[in-house]
Structure formats: structure tokens, C-alpha cells
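Residue-level structural notes
Okay, here's what each chain looks like letter by letter:
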Amino acid sequence: VRASGSPEVSEVTFQVQDSSGIPVDLNNSVQVNFSLVSGPNGEEFINPTSGFTSSGGLVKTSLFSGTIAGVVQLMATINVGSSTITSKPVAVTIHGGLPDSAHFSLAVEKLNFPGWAYYGLRDRITAYVGDKYTNPVRPGTPVYFSTTGGIIEGSTQTNQTGEGSV
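Heads up: these notes are all about the structure in this document. Being a predicted model, the structure only gives us computed values, none of them experimental.

**Some words on the packing of aromatic side chains**
One pass over the full model with this rule turns up two aromatic pairs. With a centroid separation of 4.7 Å and an interplanar angle of 5 degrees, the aromatic rings of Phe45 and Phe64 are classed as stacked. With a gap of 19 residues between them, Phe45 in strand E3 (residues 45-47) and Phe64 in strand E5 (residues 58-64) connect regions that are remote in the sequence.

**A word on the sheet that holds strand E13 (residues 163-165)**
Spatial strand order, E9-E10-E13: three strands in an open sheet with antiparallel pairing. Of all strands in the sheet, those with a lone pairing partner are strand E9 (99-108) and E13, marking the two edges. Neighbour to neighbour, the strand axes of the sheet diverge by 25 degrees on average, direction disregarded. Where strand E10 (residues 125-131) and E13 come together, three bridges link them in antiparallel fashion. Paired with Thr126 across the bridge in E13 is Ser165.

**Notes on the side chain of Asp123**
Tracing the chain through its elements places Asp123 in the loop between E9 and E10. For Asp123, the side chain forms a polar contact with the main-chain nitrogen of Glu109, separated by 3.4 Å. Within the structure, the side chain of Asp123 is placed 2.9 Å from the backbone nitrogen of Lys110, a separation counted as a polar contact. What Asp123 contacts, discounting residues up to four positions off in sequence, is Val108, Glu109, Lys110, Phe113 and Val166.

The rules behind the values
- Position labels on residues start from 1 in each chain and follow its written sequence.
- Restriction of local features to residues with pLDDT of at least 70 applies here, the model being predicted, together with a cutoff of 80 or more for giving and counting side-chain atom pairs; totals for whole chains, interfaces and linings are based on all residues.
- With hydrogens and water set aside, each side-chain value is computed from the structure's full complement of heavy atoms.
- Stacked, tilted and edge-to-face pairs are distinguished by plane angle, under 30 degrees for stacked and over 60 for edge-to-face with tilted covering the rest, among Phe, Tyr and Trp rings (Trp via its six-membered ring) whose centres lie within 6.5 Å.
- We count a stretch as a helix when DSSP gives it H or I for four or more residues in a row; a strand needs E for two or more, and each element gets its number in order from the N terminus.
- Only strands joined by at least two bridges in the DSSP assignment are considered to pair.
- To define axes, lines are fitted to C-alpha atoms, for helices over the stretch in contact only, and angles between the resulting N-to-C directions are given on a 0 to 180 degree scale.
- Within 3.5 Å is the distance limit for a polar contact, defined as a pair of N or O atoms, with the added protein rule that one can donate a hydrogen and the other accept it, and that residues adjacent in sequence qualify only through two side-chain atoms.
- In this description, contact between two residues means that some pair of their heavy atoms is separated by no more than 4.5 Å.

Interpretation note: all reported values are geometric properties and have no functional meaning in isolation.
Below you can see the structure in the form of C-alpha cells.
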């Protein structure tokens, strides 16, 4: 998701092949047009919208994420004579928004922990951090902890699943 700190651009490469499955060469280069078939409508876009195949029949475009998480589908189309050849839709997922308090939870390793009665005991506290789209936040998102009783490690960073423990 744009402005979340996660990567906002994905490079997508298509390969154009002839009817025998051999990539077209530079002498037979064709123009490929790219289009978004569907998406979450969060201002995502592709650039460039067309390009010519290089050696090996390769052509690239970039998908720029928008402000909404979801799946984007894009296609490549070429015109050869009076025929139009279209790729299957390619799906790319946009995710990784900023942390959202409505999708933040804490859990303890041990319930009924006798922390008030004994010193030096430890209990693992885990934060589960999601974005407003209910996805885990990007790995490495810092989480700050504080307590009104005892002491606690000050911070951790989330992992791939949005979890961080102290």
C-alpha cells in the first residue's frame, strides 16, 4: 500500500513467443500493450502502458500500488495483422498498510501469572499487529511496550505474520 513503508512498485515481465513456443527475437519485435483488468480502485496504475519486446521476447512494465489493499490483475495484448493475442490475467497482491489500533491485540504466555507475589519471574507478552485491511503489518514494524507494574522490555519488531514478543 502506498506510503506504508513497504515496496510500492512491482516490475512485471512478459515474454512473447511464436506459435512454436520460441521467444520472438529483435528482428520480430512487437509492441505490447498493458492494461489493468481489475483492482481495488485505490489509484493503482501501470507505467509504461506499452513497450516493444527485447531480445528473448521480453517486455516489462511496472505496477504502482495505490492506497487500498487488494488484488490487481493485469494483461498484455499484442496485435499481429488482424489478430489480437491477449495474455492470461496476471494477479498481483497489494498489502501492507500502516498499523491500525482496531487490529492490534496482546496475548500472554501464562495466565494467572504470580507476578505480584514473586520477583524475577518472566512471562512472554506478544503483540499481534495488523493494518486496516486486516493483513499483518510489514515485517520490522516497531512495537513499544510499557507497564504499570514490574518492568518490561521496551520494544520489539514484528515478523512476517505481524507478531512481536518481549
